[in-house]
Amino acid sequence: MTELTPSAIVATYFPGPQSENEVGVRAEVEAVLDSWFNWRKGLFASDPTTAPLPDQNAEVLRREHRLLSRRLNELCEALTAETPSYSPRSMGHMKAELSLPALLGWLAATLHNPNNTTRESSKVGTLIEREAISMLADMLGYDRSQAQGHFTSGGTVANFEAVWRARYRLDHWLSLALFISETTGEPLDVFAAAHMGWDRFRSLWGAHGLTDDVLRRYSAVASNPPEVFRRISQASGRAYLGPVVLVPGNKHYSWRKAASVFGLGEESFWSIALDDQGRLDLTAFEGLVFRAKAEGRPVLMAVSVAGTTETGEIDPIDGLHDLLERWEQERGWRIWRHVDAAYGGFLCSLLGGLDEAVLGIDLARALGAIGRADSITIDPHKLGYVPYACGAFLTRDAGRYVVSAFDAPYLDRPEMGQDKWSSTLEGSRSAGGAAAVWLTGKTLGFGPAGIGTLLAETIRSRRHFQAAVSRELPFVRFLEPSDANIVCFSIAEDGEALSSSNRRTEALFEAFRTSDAFAVSRTRLGVDYLAQVERHVARYGGAADEDSLTMIRCVFMNPYWAAPALRDHLVQEYIELLKRFANQDLPMTTPDDKPDD
Ligand SMILES: *Cc1c(COP(=O)(O)O)cnc(C)c1O
């Protein structure tokens, strides 16, 4: 089989910016409807029909049909004012065109409306979900025969799923240690206990002849949290302040929500400083773990990010895992490792192919280390080109997937049958996203020859844009590095103060907003990004006289950037627009202009 080029993938697997694939899509949608209607007609064929209606109802029926068709028309008309995110001009958010396998897979499943909460309400949908999760597991570097997971409404809930499980695990270990301390009078070492690992847990469990019923009384999850905290304080001889969550400063706001939802308290949410590349700083991470240890506070989980929401940065996931695996061996600390790969997880599809070179060695290593995590978040509704709402949560194996109270057997526990309801935060769940992922995996594929080829091209498009703009407009200052297919830039003359540059970038954003030609977004990199902001400003000799950097953000995930003629046309138009905005609407300031506030 000859390998598909990016433009061949675009021509085959997407509707086309000018609806180039209209005929084919209509035919496939019709085939999906044929199958659905034939299934219905064939199944209970001898049951009486609801037609015909008595004659006097025929007029009523026609009237109602006309109403439906009029209102549907109205709805379709209204929707034409919707954000045209199918177009590459729409580059403000992590939202782009839907792929055809995703759209058709979603449609085919949705017609049957399975509810993946149980096998009974989703005989086929649950199997499709299993297979689709295996495909994602494979791409992410998990062993597909071991990995577990399910689809969620998005990355936010998938991140919550991780916190839920990490808390379950930590709570078990700490409860057991509290039991031992209270029964033997040995002082409790909270930090060591909370990271003891299942092997040690099992041997202590056996040695003390414990039962679930007993351990429940020592659990801050199964019993009363303030009461158990008080006893932990007593047993350890110091006030127990609860666990901390370590999340890099480039975090998505879903982590703050998680701290709030799980009642951890925002204080327990410790931000890991970023280096001057905007990535998790390993030394800062190490410092926080030792601070937690010194304060007798367990680390509930260590989060790293593959593809940050603001700038697409990829943390040194390999370095973090090296460190934590060394600590596991040398110190026996088992700290839950979660990778928030909501955006960047699909970039793993480049690994192992020729396009891996597009990433460079460091990023390839970081992405290649995702599969060493305890759990992973990935959003098919971002770089998977799948309809909303479709996120996914995966764990390395069944043991890490388990979450339950004490009253169910939880050791060496195989996956809990086919029914997911007890292990998902959400109740009823659609099979639409799973089917969209499944059909994408079975056609385009999640490897280097499939979606990897396309995503590599989105990174090249981002670079092409950056090079073209830099050549013509030296006052456009791109944030470096740019790991994925997102760029951020500010505008600044040589030596311009940050405050002045921020004002002008802001005005440029307003100009974009009123022009309609391209939809871009704006981001402000604040104190978490201090080192990176200082480096950015220093590159053009500016002064960092404000503590946040305002940037225009452009996401190049749209598949149609892979079409050379369209790309050249759009990049040129973008440059012309920048020139016009910069010349007319944004008078340049001199370097020694003082900010007026
Ligand atoms: C988008 C995103 C999320 C949240 O995902 P939703 O699907 O919007 O809930 C979490 N983390 C990162 C890094 C993201 O990019």
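Residues numbered from 1 in each chain as written. Predicted model: local features only at pLDDT ≥ 70, side-chain atom pairs only at ≥ 80, totals over all residues. Heavy atoms only, no water.

1. A short note on the sheet that holds strand β6 (residues 375-378)
So, point 1. Here seven strands make up an open sheet; going across it, the order is β1-β7-β6-β5-β4-β2-β3 and the pairing mixed. Among the strands making up the open sheet, the edge pair consists of β1 (148-152) and β3 (269-272). Adjacent strand axes in the sheet meet at a mean angle of 20°, parallel and antiparallel pairs treated alike.
So, point 2. Pairing of strand β2 (residues 244-248) with β3 involves four bridges; the strand directions are parallel. Across the sheet, residue P248 finds its bridge partner in β3, namely I272.
So, point 3. Set on the sheet, helix α6 (residues 155-184) makes contact with β1, β4 (299-305), β5 (337-340), β6 and β7 (391-395); between it and β4 the angle comes to about 150°. (Pairing = 2+ DSSP bridges. Helix = DSSP H or I, 4+ residues; strand = E, 2+ residues; numbered from the N terminus. Axes fitted to C-alpha atoms, helices over the stretch in contact; angles between N-to-C directions. Contact = heavy atoms within 4.5 Å.)

2. Here we look at the site of the ligand
So, point 1. Around the ligand, the surrounding shell holds 15 residues, and the nearest of these are T156, D340, D379, H381 and K382.
So, point 2. Between T156 and the ligand, the recorded distance is 2.6 Å, taken from a side-chain N or O atom to an oxygen atom.
So, point 3. At a separation of 3.0 Å, an oxygen atom of the ligand approaches a polar side-chain atom of T309.
So, point 4. Calculation on the ligand without its partners gives an accessible area of 380 Å², and the protein chains cover 87% of this total.
So, point 5. A majority-of-atoms criterion places the ligand in the second largest pocket.
So, point 6. Of the residues forming the shell around the ligand, the biggest block, three residues, is contributed by α6.
So, point 7. A per-class count over the shell around the ligand returns three nonpolar, nine polar and three charged. (Near = heavy atom within 4 Å. Polar contact = N/O pair within 3.5 Å; in protein donor to acceptor, adjacent residues only side chain to side chain. Areas by Shrake-Rupley, 256 points an atom, 1.4 Å probe, with all protein chains shown as cover. 1 Å grid on protein atoms, 1.4 Å probe; cavity = no way out; pocket = protein on both sides within 12 Å on 5 of 7 lines; lining within 4 Å. Sits in = over half its atoms within 2 Å of the grid points. Nonpolar A, V, L, I, M, F, W, Y, C, P; charged D, E, K, R; others polar.)

3. Some thoughts on the packing of α6 against helix α8 (residues 198-207)
Two numbers describe a pair of packed helices, the interaxial angle and the distance between the axes.
So, point 1. At a closest axis distance of 11 Å, the pairing of α6 and α8 adopts a crossing angle of 40°. By the angle between their axes, α6 is oblique relative to α8. Judged by the sense of rotation from one axis to the other, the crossing of α6 with α8 is left-handed. Residue-level inspection shows Y168, R169, H172, W173, L176 and I180 of α6 in contact with α8, the latter providing W198, F201, L204 and W205.
So, point 2. Broken down by class, the residue content of the contact of α6 with α8 amounts to eight nonpolar, one polar and one charged. (Parallel < 35°, antiparallel > 145°, perpendicular 65-115°, else oblique. Left-handed = near helix turned anticlockwise from the far one by under 90°.)

4. Quick look at the layout of surface pockets
Sizing a probe to match a water molecule and rolling it over the atoms shows the empty space that remains.
So, point 1. Here the largest pocket is characterised by a volume of approximately 860 Å³.
So, point 2. Counting residues per element, the ones that place at least two in the lining of the largest pocket are α2 (22-43) and α4 (100-112).
So, point 3. Classifying every residue of the lining of the largest pocket gives 18 nonpolar, six polar and six charged.
So, point 4. As a volume, the second largest pocket reaches approximately 650 Å³.
So, point 5. Lining of the second largest pocket is provided by 36 residues; of these, M94, H252, Y253, T309 and E310 occupy positions nearest its centre.
So, point 6. If you list the elements that add at least two residues to the lining of the second largest pocket, you get α6, α11 (254-261) and β10 (521-525).
So, point 7. In terms of residue count, the dominant contributor to the lining of the second largest pocket is α6 (four residues).
So, point 8. Class assignment for the residues of the lining of the second largest pocket results in nine nonpolar, 16 polar and eleven charged.
So, point 9. Both of domain 1 (155-378) and domain 2 (451-582) provide at least three residues apiece to the lining of the second largest pocket. (Points joined across faces, edges and corners; volume = space filled by probe spheres on them. Domains from an automatic or database assignment.)

5. Points about the pattern of salt bridges
So, point 1. One pass over the structure, following the stated rule, counts 37 salt bridges.
So, point 2. A salt bridge links R62 to E59; its shortest N-O distance comes to 3.1 Å. Taken together, the residues R62 and E59, both in helix α3 (residues 58-79) and three residues apart, mark about one turn of the helix.
So, point 3. For E59, a relative accessible area of 42% corresponds to the partly exposed category. (Salt bridge = Lys/Arg side-chain N within 4 Å of Asp/Glu carboxyl O. Buried < 20%, exposed > 50% of the residue type's maximum accessible area, 1.4 Å probe, protein only.)

6. Observations concerning the pairing of β4
So, point 1. Burial runs high along β4: seven of the seven residues are buried.
So, point 2. Where β2 meets β4, three bridges bridge the pair, whose relative direction is parallel. The residue of β4 that forms the bridge with L246 is A302.
So, point 3. The pairing of β4 with β5 spans four bridges and is classified as parallel. In the strand pairing of β5, A302 is matched with R337.
So, point 4. Regarding topology, helix α13 (residues 317-331) serves as the crossover connection from β4 to the parallel β5, and that connection is right-handed. (Right-handed = clockwise from strand over helix to strand, strands pointing away.)

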